[in-house]
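Results of the structural survey
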Amino acid sequence: MIVRFCAAAFVSVLTINAVQAQVRAPSRLPDPRTEFVRQCAPRMLGRWEHPEEVCGCLHDHAAAAVEDRDLREALLRGISETGVPTIETDWVPASKQGEIGPTFTKIAKPTLQCMFDPAKQ
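What counts, and at which threshold
Residues numbered from 1 in each chain as written. Predicted model: local features only at pLDDT ≥ 70, side-chain atom pairs only at ≥ 80, totals over all residues. Heavy atoms only, no water. Helix = DSSP H or I, 4+ residues; strand = E, 2+ residues; numbered from the N terminus. Buried < 20%, exposed > 50% of the residue type's maximum accessible area, 1.4 Å probe, protein only. Contact = heavy atoms within 4.5 Å. Areas by Shrake-Rupley, 256 points an atom, 1.4 Å probe, with all protein chains shown as cover. Disulfide = S-S within 2.5 Å.

With that settled, consider the overall build of the protein. Scanning the protein for helices and strands turns up five helices and zero strands. Starting at the N terminus, the α and β elements of the protein follow one another as α-α-α-α-α. Relative to its full complement of 121 residues, the protein shows a buried share of 30%. Expressed as a percentage of contacts within the protein between residues at least 6 apart in sequence, the contacts between residues at least 24 apart total 48%. Accessible surface for the protein amounts to roughly 8,300 Å². Of this, 59% is attributable to carbon and sulfur atoms.

Shown next, in the form of structure tokens:
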């Protein structure tokens, strides 16, 4: 009888721990925008009065204008690593390297707007 009681208590404890683990399981992955701003803002310190605002604007307007995923990711990487819109050729597939120039033409206006007047975006 005591063995059954101990076994039942043990199973109850395991069940409670499993339920608690399931509640904690959905770990909070960083939001891509927040992570971008976190990496970008230190590069903007000293250049801009509100670096987080500039970085958020670049993410939301300049990079969002780029439809191609590879080019957009390369652009975001360039901004977060250097603090200026840049794309290294080896960050994009060879087949898309010819699109780097037109991508910069496409993002020129929103980039300037973000850097000099992000509140108007």
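Turning our attention to the state of the cysteines. Counted under the stated rule, the structure contains two disulfides. The disulfide partner of Cys40 is Cys55, and the S-S distance across this bridge is 2.0 Å. In this structure, the disulfide formed by Cys40 and Cys55 twists by about -80° around the S-S bond and is classed as left-handed. Here the residue Cys40 occupies a position in helix 2 (residues 32-44), and Cys55 occupies one in helix 3 (residues 51-62), the gap between them amounting to 15 residues. No difference in accessibility class separates Cys40 from Cys55, as the two residues are buried. One disulfide bridge connects Cys57 with Cys114, the sulfur atoms lying 2.1 Å from each other. The sign of the S-S torsion, about -75°, decides the handedness of the disulfide formed by Cys57 and Cys114: left-handed. Here the residue Cys57 occupies a position in helix 3, and Cys114 occupies one in helix 5 (residues 100-116), the gap between them amounting to 57 residues. With a relative accessible area of 6%, Cys57 lands in the buried category.

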